[in-house]
Amino acid sequence: MAAARLASQVLVRDAGAEITLFGDEPQAPYNRALLADVLTGRFAPDAVRLPTGGARVRTGCEVVDVDVAGRTLRLADGTAAGYDTLVFATGSNPVLPPIRNLHCTSNTGEGGELKQGVHAFRTLADGSRLAAAVPEARRAVVVGGGVLGVSAARALAARGLPVEVVHQAPYLMERHLDEAAGDALRRALGALGVEVYAENRAKSLFGTDRAEGVALANGYRLDADLVVLACGVRPRVGLARAAGVEVGTGIVVDDRLATSAPDVFAIGDCTEHRGSVHGLAGAAWEQADVLADRLCGGGAVYSGSRTFARLTAGPVEVAAFGDVDAVPGLHDVIRLADPTRGSYKKLVLHGDRLVGGILVGDLATVGALTHAYERDEAVPEDPLHLLIAQGAPQ
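For clarity, every value in this text was computed on a predicted model and none was experimentally measured.

Attention shifts here to the overall build of the protein. Secondary structure assignment for the protein yields 8 helices and 24 strands. Its C-alpha radius of gyration of 22 Å places the protein within 12% of the 21 Å reference for a compact globule of 394 residues. Burial statistics for the protein: of 394 residues in total, 44% are counted as buried. Accessible area for the protein stands at about 18,500 Å²; split by element, carbon and sulfur atoms hold 47% of it.

Here we take up the state of the cysteines. By definition, a disulfide is the covalent link that joins the sulfur atoms of two cysteine residues. Following the criterion strictly, the structure yields 0 disulfides and no others. Free cysteine: C61, not disulfide-bonded; nearest cysteine sulfur from C270 at 18 Å. Since its relative accessible area comes to 7%, C61 is described here as buried. Of the cysteine sulfurs around C296, a residue in no disulfide, the closest is that of C270, at 20 Å. Residue C296 is classed as partly exposed on the basis of its relative accessible area of 32%.

The next point concerns the sheet that holds strand β9 (residues 140-143). Here 5 strands make up an open sheet; going across it, the order is β8-β15-β9-β10-β11 and the pairing parallel. On the outer flanks of this sheet lie β8 (118-120) and β11 (194-197), each paired with one strand and no other. Each strand of the sheet is rotated relative to its neighbour by a mean of 20 degrees, with strand direction disregarded. Of the strands in this sheet, β8 and β15 (226-229) touch helix α3 (residues 124-133), which is tilted by about 150 degrees from β8.

Assignment of secondary structure puts N200 in the loop between β11 and β12 (202-206). On the basis of relative accessibility, which here comes to 13%, the residue N200 falls in the buried class. Here the side chain of N200 touches N218 through a polar contact of 3.2 Å, side chain to side chain. Every residue in contact with N200, bar those within four places of it in the chain, is listed here: V166, H167, Q168, L216 and N218.

Definitions and cut-offs
All residue numbers refer to position in the chain's written sequence, counted from 1. pLDDT decides what is reported in this predicted model: residues at 70 or higher carry local features, side-chain atom pairs at 80 or more are listed and counted, and totals for whole chains, interfaces and linings draw on all residues regardless. For the side-chain quantities, the full set of heavy atoms in the structure was used; hydrogens and water were omitted. Only DSSP runs of H or I reaching four residues or more are called helices, and only runs of E reaching two or more are called strands; each is numbered from the N terminus. Throughout, radius of gyration means the C-alpha value; the globule benchmark is 2.2 Å times the number of residues raised to the power 0.38. Relative accessible area decides the class of each residue, using a 1.4 Å probe on protein chains only: under 20% of the type maximum gives buried, over 50% gives exposed, and in between gives partly exposed. Working definition of accessibility: Shrake-Rupley area with a 1.4 Å probe, residue cover restricted to the visible protein chains. A pair of sulfur atoms, both from cysteines and within 2.5 Å, is called a disulfide here. Only strands joined by at least two bridges in the DSSP assignment are considered to pair. Axes here refer to lines fitted to C-alpha atoms; in helices the fit is confined to the stretch in contact. Angles between the N-to-C directions go from 0 to 180 degrees. Contacts are residue-level and defined by heavy atoms, with any inter-residue pair within 4.5 Å sufficient. A 3.5 Å cut-off defines polar contacts: any pair of N or O atoms within that distance qualifies, except that in protein one atom must be a possible hydrogen donor and the other a possible acceptor, and neighbouring residues in sequence count only when both atoms are side-chain atoms.

The following block contains the structure:
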């Protein structure tokens, strides 16, 4: 996603630039944020492609080695390619949880292929395999209740499957929501037939080569022949590390998005800037725009990104941004909750500035809120108006 955005923005500024995107997936760049909508059938796979501005795109073409001194790339097919400027936009890999019996044991042994019926959910190919498995499945368990896990659970429920979510934290999407919002989200999923087991851990899988169920750490067993692993992601940094580029949790970049190697930059999920790894599409977009400007002679700098997470589809609508944990004596908090409508809204204010917010079940005012937040604008004297859409029932 980050690479596609960078290419299109560079070519808007400099139509004569020569840009090649190397990707090991067979598909052209696409919007990963819409994978759950592909799973439900709301979008066809081709509909989530991203524009690249006419850049040369080489799919199914993995880069396996980088020589930063010689400015060359070695590809999986044995060929090489040179570069003047290199950008790492390698994204992230799904984290596989420490669950016993996750892999097939009959032929390959532990650490081999995942059991049949067990799916990571990170790529378009993952989504296609999962969609193909749904018609034959009876029950699904999603391991992980973050943004991706909630998206997957919602999509599977929309396909008619009974779904259970196992999540270690006390409530869903704990990195973005507070407890009350997590409870509102849980109720919204419950209306779709999704059961949530919070403060629980998946301990092991039943079945030899095919998943038959999930054993929880509390001894409870969930029957399932479809298991989706949505336990977060980890920056994909192996290629950069092997090339001698400085790596922390992610590929370390400065405010120019430059790495420790000359004429080598990094953007997107793989990057670490000022000690932070964002892992969200909005940050990748902002980094791509800044780097496009710099590569075309501009002086833009990247000072970090404001967090924003959003899920929208049917009865499960969530948006969260900024710092949602108020500090007593420093922040003011405004809350509106309507359990009958399944909505929960919260604003965190520092003086007349909006520093964070949560909307669950009603996103009618999300545009005005994020506008005020992103531009650091003063809020109205009565900030309650930011939570109530004009003409909405009160």
